[in-house]
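If you want the building blocks of each chain, they are given just below.
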Amino acid sequence: MTGLPTSTPAIKVSEEVAQAVAGGRPVVALESTIFTHGLPRPRNLAVALDAERQLREAGVVPATIGVHAGVPTVGLSTEQITELAATDGLDKVSLRDLPVVAALGRHGGTTVAATAFLAHRAGVRVFSTGGLGGVHFGASESFDESADMTTLAATPVTVISAGVKSILDIRATLERFETFNIPVIGYRTTKYPGFYITDSGHEINYAVQSPEEAARVIDARDRLDLPQAVLIANPVDPAKQLPPEELDGILARARAEAERRGVTGNASTPFLLDYIQRDTDGRSLEVNIEVYRGNVRLGGEIATALAAAASTGA
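Keep in mind it's a predicted model, so treat the numbers as computed, not measured.

Draft legend 1. Local environment of the pairing of strand E2 (residues 27-30). The two faces of E2 match: Val 27 and Ala 29 on one face and Val 28 and Leu 30 on the other face are all buried. Relative to strand E3 (residues 61-68), E2 is paired through four bridges, and the arrangement is parallel. By the bridge assignment for E3, Val 28 is matched with Pro 62. In terms of strand pairing, E2 meets strand E7 (residues 126-128) through three bridges, oriented parallel. The residue of E7 that forms the bridge with Ala 29 is Phe 127.

See below:
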C-alpha cells in the first residue's frame, strides 16, 4: 500500500481528510474508543467534539476514526460521532475485529491498533491518543499482550501518548517495544510517563525538545523506509497528575479486586480503569481527560511541523 488517501469499498475517507492529506495540510487521527468505551456519558461526547475543535482552532484537520454501520471511516462526521457516543453495546474494534464488524454491518470504536492501521491507509501520519496498550502483569503465563504493539511494529505512523496505561507492566512493555524495533521518544524528557503520572520510574534513551525535532525524526524514519511507528511519550503536567504516592496503593487494590472476582483477558482493562476511577472519586477521569487534551495539542503541533517541512523541502 502507498498510504495515499483513498476511499474504497472497505474504507471510507471523508472528503475533508482526503483533500487535506492530498494538499499536504496537517491532519491528526483520533481514536473512537475513548468516547465509545473509555469515558462516561455525557463527558465522552464533549471530549470527542472538544478534541476536534481544539485541532481546528490550531489549523489542523481532525480525522476521528471509527466503524459506522460496518464501514471503517477515517473522518467521522459530527453526527456519526454523536451517534456512536450514544449507542450502547458497541464493539471494541482492534485490528483483528475489523473484517468481522465490517462484514456484519456493526458499529464499533477503534482501538489504537485499528486506528493506526486505518490512519496509515488514509495517508494520515500523526495519531494522538491517551495511553497505549502493552504487556499485562502475569503475561509470561497468560500471554496477555496488547495487539497495539505488534500492529505498531508494522505501521509507520507517529503516535503521541502519555505512555502505556498505568495498570500494565511498564518495564516489560518497554522491553517489547525494543524487541519490535519501535522507537520510544520522550517529549522534553527521558523519564517515561505512566499515564496518570509524569514519571513511571523508567528511563528511555531519547528525547525531542520541539515539534520540529520530532518531525525530523519522523522524516528520517520515512527516508529509511522503516515499517514501524514512532512513539512520542508526552507526560501529563506534573501539577495535574494523580499523586504518585497514592497510585501504587490504588493499583494494588484494583488488581486484588480483579483477582478476587476472576476478571481476566479483555475484561481486565475496563474493570481496572473503572476501579481506579471509583477509588479516586473521579479524579483519575479528570487526569485522563487532561492527558488526552495534551496529546491532541502536541499531535497538532507535530503534524503542523511535518506539513511545514514538506512544503519547504526541509
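Don't stop here, the text continues.
Draft legend 2. Fine view of the pattern of salt bridges. One pass over the full model with this rule turns up 19 salt bridges. Arg 293 is the salt-bridge partner of Asp 50, the closest N and O atoms lying 3.6 Å from each other. Here the residue Asp 50 occupies a position in helix H3 (residues 43-57), and Arg 293 occupies one in helix H13 (residues 283-312), the gap between them amounting to 243 residues. For Arg 293, a relative accessible area of 34% puts it in the partly exposed group. Between Glu 57 and Arg 53 there is a salt bridge, with the nearest N and O atoms lying 2.8 Å from each other. Separated by four residues within a single helix, Glu 57 and Arg 53 lie in helix H3, roughly one turn from each other.

Draft legend 3. Layout of unusual backbone geometry. The amide bond that connects Arg 41 to the next residue, Pro 42, takes the cis arrangement and shows omega of 0 degrees. Looking at where Pro 42 falls in the secondary structure, it is placed in the loop between helix H2 (33-38) and H3. Its identity is not glycine, yet Arg 188 carries a phi of approximately 65 degrees, on the positive side. Looking at where Arg 188 falls in the secondary structure, it is placed in the loop between strand E9 (184-187) and strand E10 (191-192). Under the relative-accessibility criterion, Arg 188 is labelled exposed at 53%. Even without glycine at this site, Phe 195 takes up a positive phi of about 65 degrees.

Draft legend 4. Local environment of the packing of H3 against helix H4 (residues 78-86). With their axes 9 Å apart at the nearest point, H3 and H4 run at an angle of 155 degrees to one another. The angle between H3 and H4 places the two elements in the roughly antiparallel class. When the axes of H3 and H4 are compared, the crossing they make is right-handed. Every residue of H4 that contacts H3 at Asn 44, Leu 45, Ala 48, Leu 49 and Glu 52 is listed here: Thr 78, Ile 81, Thr 82 and Ala 85.

Draft legend 5. Highlighting the side chain of Gln 228. Here Gln 228 lies in the loop between helix H10 (211-223) and strand E13 (230-233). A relative accessible area of 8% places Gln 228 in the buried class. In this view, Gln 228 contacts Leu 152, Ala 153, Ala 154, Thr 155, Pro 156, Asn 181, Ile 182, Pro 183 and Arg 221; residues no more than four positions away in its chain are not counted.

Draft legend 6. Looking closely at the packing of H3 against H13. Running from amino to carboxyl end, H3 crosses H13 at an angle of 20 degrees, the nearest separation of the two axes being 9 Å. Between H3 and H13, the angle is such that the two are roughly parallel. For the pair H3 and H13, the crossing hand works out as right-handed. Along its contact with H3, which presents Arg 43, Val 47, Asp 50, Ala 51, Gln 54 and Leu 55, the element H13 presents Leu 285, Glu 286, Ile 289, Tyr 292, Arg 293, Val 296, Arg 297 and Gly 300.

Quick notes on the rules
- Residues numbered from 1 in each chain as written.
- Predicted model: local features only at pLDDT ≥ 70, side-chain atom pairs only at ≥ 80, totals over all residues.
- Heavy atoms only, no water.
- Buried < 20%, exposed > 50% of the residue type's maximum accessible area, 1.4 Å probe, protein only.
- Helix = DSSP H or I, 4+ residues; strand = E, 2+ residues; numbered from the N terminus.
- Pairing = 2+ DSSP bridges.
- Salt bridge = Lys/Arg side-chain N within 4 Å of Asp/Glu carboxyl O.
- Axes fitted to C-alpha atoms, helices over the stretch in contact; angles between N-to-C directions.
- Parallel < 35°, antiparallel > 145°, perpendicular 65-115°, else oblique.
- Left-handed = near helix turned anticlockwise from the far one by under 90°.
- Contact = heavy atoms within 4.5 Å.

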